[in-house]
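# Reading the structure
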Amino acid sequence: MEQSEVLKRVIGILTEAGEIQRHAEEDTGGDADTGGSMVTTLLNETMPHIAIPSDATVEEMAALVGREVGGAVEQLVGAFTLAFIALAQIHDSGQGDVTSADVLQDLALRAEELSSGDEGSEGPEGPEVS
């Protein structure tokens, strides 16, 4: 999965989590399990399927799993980190007129531009919300 697609999925998870939190604060219920199922779906789509030889030693299995899963984990951590930094920069700047939803929407649009521009696996730069 391309990094821009992982980023868009992470933004979707964070957006949905924000909605769940707003519903909880308003005491309107909301399906708290939705966020969990979104995360499970993302993990299922990003984690590689690994074929482990039947004669592999424990050390060989550990090395194989670490090598195969490492890249997917790096993508996920990178996407969550980028979203966190974008949100934190706006928060720390004191821009009270910009919501977290605004920041995530801007980040999603830039991720879409990145994927349509076919610029590889690098993520969008920092936030430009004003």
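Residues numbered from 1 in each chain as written. Predicted model: local features only at pLDDT ≥ 70, side-chain atom pairs only at ≥ 80, totals over all residues. Heavy atoms only, no water.

Right, let's talk about the overall build of the protein for a bit. What the protein contains, in helices and strands, is four helices and zero strands. Starting at the N terminus and walking to the C terminus, you meet the elements of the protein as α-α-α-α. Within the protein, the proportion of its 130 residues that are buried is 25%. Contacts in the protein between residues at least 24 apart in sequence constitute 61% of all its contacts with a sequence separation of at least 6. Summing over all exposed atoms, the protein offers an accessible surface of approximately 8,200 Å²; the carbon and sulfur share of this is 53%. (Helix = DSSP H or I, 4+ residues; strand = E, 2+ residues; numbered from the N terminus. Buried < 20%, exposed > 50% of the residue type's maximum accessible area, 1.4 Å probe, protein only. Contact = heavy atoms within 4.5 Å. Areas by Shrake-Rupley, 256 points an atom, 1.4 Å probe, with all protein chains shown as cover.)

Here we take up helix α3 (residues 58–93). Given a rise of 1.5 Å per residue, 36 residues ought to cover 52 Å, and the 49 Å separating the end C-alpha atoms of α3 matches this to within 8%. In the structure, α3 departs most strongly from a straight axis at Gly70, where the bend amounts to approximately 35°. For α3, the set of buried residues is Leu64, Ala72, Gln75, Leu76, Ala79, Leu82, Ala83, Ala86, Ala88 and Ile90. Just past α3, the residue Gly94 takes up positive phi, approximately 80°. (Expected span 1.5 Å × (residues − 1). Bend = angle between axes of the 7 residues up to and from the residue.)

Let us now look at the side chain of Thr46. Checked against the element boundaries, Thr46 lands in helix α2 (residues 33–46). Judged by relative accessible area, which is 10%, Thr46 ranks as buried. For Thr46, the side chain forms a polar contact with the main-chain oxygen of Leu42, separated by 2.9 Å. With near-sequence residues (within four places) excluded, Thr46 lies in contact with Met1, Val6, Ala72 and Leu76. (Polar contact = N/O pair within 3.5 Å; in protein donor to acceptor, adjacent residues only side chain to side chain.)

Judged by nonpolar contacts, the single largest core of 17 residues is most densely connected at Leu7 and Leu107. Looking at which element gives the most residues to this core, the answer is α3, with six residues. (Core = buried A, V, L, I, M, F, W, Y, C linked by side-chain atoms within 4.5 Å.)

Moving on: the packing of helix α1 (residues 3–26) against α3. Interhelical geometry of α1 versus α3 gives an angle of 55° and a closest axis separation of 9 Å. Considering their axes alone, α1 and α3 lie oblique with respect to each other. Crossing geometry of α1 relative to α3 is assigned as right-handed. Within the contact between the two elements, α1 uses Gln3, Val6, Leu7, Val10 and Leu14 and α3 uses Gln75, Leu76, Gly78, Ala79, Phe80, Leu82 and Ala83. Of the residues assigned to the contact of α1 with α3, the class counts are nine nonpolar, three polar and no charged. (Axes fitted to C-alpha atoms, helices over the stretch in contact; angles between N-to-C directions. Parallel < 35°, antiparallel > 145°, perpendicular 65-115°, else oblique. Left-handed = near helix turned anticlockwise from the far one by under 90°. Nonpolar A, V, L, I, M, F, W, Y, C, P; charged D, E, K, R; others polar.)

Read these as spatial facts, not as claims about activity.
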